[in-house]
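Here are the chains, one letter per residue:
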Amino acid sequence: MEFTRFQELHRTISGKLLKAASGKLLKAASGKLLKAASGKLLKAASGKLLKAALLACITLTLVTLLTGLSLFTLLSTFLSLVSLWLISRLLLKNKRSRTAEHDYQTCLPTHNGIQKKLSDLIQDALTDQKFAILCLGFDDFRALRTDLSLNDLEQIRIKTAERLRDILDKKHYLGQLSEDRFIIITDQLDGPLNAAELAKNLITGAIQPIEVNHQRVSMNVTGGITFFPQDSRRVNELLRQADFAMMQAQSRGESPYQFYIASIDKEIRQNKQLELDLRDALEHRELSLLFQPQINYQNNSVTGVEVLLRWQHPEKGLIPPTQFIPMAEHSMDIIPIGDWVLESACKQLRDWRMSGHDNLQISVNLSAIQLKDNNIANRTQHLLQKYNIPPQFLELEITESSLIESSLLAAEQLQQIKSIGVKLSLDDFGTGYSTLNYLKQFRFDKIKIDKSFIEGLPVNKENAVIVDAIIQLGRSFGLSTVAEGVESREQEQHLIKSGCEEAQGFLYGKPMSATELSTYLKTRIQSI
């Protein structure tokens, strides 16, 4: 009986109501009254049931009276409209659920879909089952944004996905992790060689030029491979490891694909954490300065000290400068750290001068990043004035590698520093490239002979020839020379004989604190 009644309702909609659509009903449906009726009933479904239902009934009664339609006809129309609305909502929800797991352009599973697939594989994996996760990355995809339209980029993604599908078969799962990364999961493996062969085939196919909008576009492609269960049993870790291995292949450039290596991953994560710790090192007072004396061979006196930066990590102990200085340069933390070193050195020199060591010169290293800082000359001049230091008693050391990185900007910066009256020293002389060109281009006061050339003197004839040549070169340009890393009297005698003017090294004193150096200076004066 009820079903027959329902059929009659639909016949009413498809018959009388469609006929009336051009008349009163259409007018009522598009008017405020019918809209209000549907609104009230929908509100009744989720809000204050009794009040909303009462208002809806009153509204439907008014619509019935005004339109001349029976309440039964109007109610059946309304119920049909509501059913259509509910169906459309369900379809939309289903579409959104699908698009959340699939890329709408390539129709490939996205991050959520890939995670679900991996989770299912891990959950259903047998004891001895293995599978590989391969991440393919397109190195140049993001750079193409500046050259290609959005539509062209979409076509590249679609065609790339089609190529990968053609290479793979049903035992492989293909997904799209991001716009420039694809994930391939294979659960039928004989070993790493099969995974490597698959990576080669995919990369070979993916790097072929793609024709888009009458132009051929080529991209570099690299792959990263990780394995379940050897590398991890967790979904997110496996994806991260595959992505990490792919980035390793990109950075190394030795091979188009790279296997995940836990030891390298661990080392990089530790270095990243160390870089984060370095940002707080200055605030936590973990950085300190040591000073190494420089001896003048003509009067055997201490004419200067070189400032050396040290980092005492609260957990890892003393971190070598060769490890943390490149980190600071990479993160740009070298700017505040360098400012702190320069000011601390000037402050310490003022204290030494006030205690009677008024002929002592202090030498501070300047990094390539600091040379790019437009404020370095003004900062230096401000510190000299603040601590009442004559500019000739401050020496800034620049390595050849720093000049190579920023020679054009360095020329202007060093010229400004030189105009203040500060001395300039070229550090690690002979280990760079365009040494003679730098001596011509920049007005240095001193060159420092790298300790690698001092080792083995005077027995090592090759080093002896190099050291003698550097000393003679310094004389030709009117520059004094300082030998680094002097550890024996034999080395000292050769340097003096060759005409070297100054030296530093363990033979004269190891790097020491400011207090230790003050004591050292007093002892040195008394012994002379």
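Scroll up to find the structure.
Residues numbered from 1 in each chain as written. Predicted model: local features only at pLDDT ≥ 70, side-chain atom pairs only at ≥ 80, totals over all residues. Heavy atoms only, no water.

S.K.: Residue-level account of the packing of helix α19 (residues 461-476) against helix α20 (residues 489-498), with values.
M.R.: Closest axis-to-axis distance for the α19/α20 pair is 10 Å, and the angle between their directions is 35°. The two elements α19 and α20 cross, and the hand of that crossing is right-handed. Counted together, Ala 464, Val 467, Asp 468, Ile 471, Gln 472 and Arg 475 of α19 and His 494, Leu 495 and Ser 498 of α20 form the full contact between these two elements. Split into classes, the residues belonging to the contact of α19 with α20 amount to four nonpolar, three polar and two charged. (Axes fitted to C-alpha atoms, helices over the stretch in contact; angles between N-to-C directions. Helix = DSSP H or I, 4+ residues; strand = E, 2+ residues; numbered from the N terminus. Left-handed = near helix turned anticlockwise from the far one by under 90°. Contact = heavy atoms within 4.5 Å. Nonpolar A, V, L, I, M, F, W, Y, C, P; charged D, E, K, R; others polar.)

S.K.: Give me the environment of Ala 196: which residues, what numbers.
M.R.: With respect to the element layout, Ala 196 can be found in helix α8 (residues 192-206). On the basis of relative accessible area, Ala 196 is assigned to the buried category, the value being 7%. Taking the C-alpha atoms as reference points, Ala 196 and Gly 223, separated by 27 residues in sequence, lie 9.4 Å from one another. Apart from residues lying up to four places away in sequence, Ala 196 is in contact with Ile 225, Tyr 257 and Phe 259. (Buried < 20%, exposed > 50% of the residue type's maximum accessible area, 1.4 Å probe, protein only.)

S.K.: So what's going on with the packing of aromatic side chains? Which residues, and what values?
M.R.: A complete count under the given rule lists eight aromatic pairs for this structure. Aromatic pair Phe 291 and Trp 352: ring centres 5.0 Å apart, planes at 75°, arrangement edge-to-face. Of this pair, Phe 291 sits in strand β8 (residues 287-296) while Trp 352 sits in helix α12 (residues 334-354), and the two are 61 residues apart along the sequence. Classification of Phe 291 as buried rests on a relative accessible area of 3%. Trp 352 gets classed as buried once you look at its relative accessible area, which sits at 1%. (Phe/Tyr/Trp six-rings, centres within 6.5 Å; stacked < 30°, edge-to-face > 60°.)

S.K.: Describe in detail helix α9 (residues 235-252), supporting the description with residues and values.
M.R.: Here α9 spans 26 Å end to end across 18 residues, near enough to the 26 Å set by a 1.5 Å rise per residue. In this structure, the buried residues of α9 make contact with α6 (111-124), β1 (131-138), β3 (181-186), β6 (221-228), β7 (257-259) and α10 (262-281). Directly after α9, the chain includes Gly 253, whose backbone phi takes a positive value near 70°. (Expected span 1.5 Å × (residues − 1).)

S.K.: Can you break down α6 residue by residue, with the values?
M.R.: In a regular helix each residue adds 1.5 Å, so 14 residues correspond to 20 Å; α6 covers 20 Å between its end C-alpha atoms and thus fits that length. What α6 keeps buried is the set Gly 113, Ile 114, Leu 118, Leu 121 and Ile 122. The buried side chains of α6 occupy one side of the element, clustering within an arc of 165° when seen end-on. More than 90 degrees from the buried face of α6, the exposed residues found are Gln 123 and Asp 124. (Arc of directions from axis to C-beta.)

S.K.: Outline the layout of surface pockets, listing residues and values.
M.R.: Size it by volume and the largest pocket reaches roughly 1200 Å³. Taken together, 40 residues form the lining of the largest pocket, with Glu 306, Leu 308, Pro 321, Asn 365 and Asp 427 sitting closest to its centre. Elements supplying a minimum of two residues to the lining of the largest pocket: β9 (301-313), α11 (321-331), α12, β11 (361-366), α13 (368-371), α15 (400-405) and β13 (423-429). (1 Å grid on protein atoms, 1.4 Å probe; cavity = no way out; pocket = protein on both sides within 12 Å on 5 of 7 lines; lining within 4 Å. Points joined across faces, edges and corners; volume = space filled by probe spheres on them.)

S.K.: Give a description of the pairing of β8 that names residues and reports values.
M.R.: In the case of a regular strand, side chains alternate between the two sheet surfaces. Most of β8 is tucked away: eight of the 10 residues are buried. Pairing geometry for β8 and β9, over 10 bridges, is antiparallel. Residue pairing across strands places Ile 295 opposite Val 302, the latter belonging to β9. The antiparallel pairing of β8 with β9 creates a hairpin that spans four residues between the two strands, and Asn 300 there sits at a positive phi of about 55°. Note: β8 against strand β16 (residues 502-503), two bridges, orientation antiparallel. In the strand pairing of β16, Ile 295 is matched with Ala 503. (Pairing = 2+ DSSP bridges.)

S.K.: Got a sec to walk through the environment of Arg 157? Specific residues and values, please.
M.R.: Inspection of the secondary structure assignment puts Arg 157 in helix α7 (residues 150-167). Judged by relative accessible area, Arg 157 falls into the buried class, the value being 12%. Sequence separation of Arg 157 and Phe 141 is 16 residues, and the distance between their C-alpha atoms is 9.4 Å. Discounting chain neighbours no more than four positions away, the residues touching Arg 157 are Asp 103, Gln 105, Thr 106, Phe 141, Gln 176, Glu 179 and Phe 182.

Interpretation note: all reported values are geometric properties and have no functional meaning in isolation.
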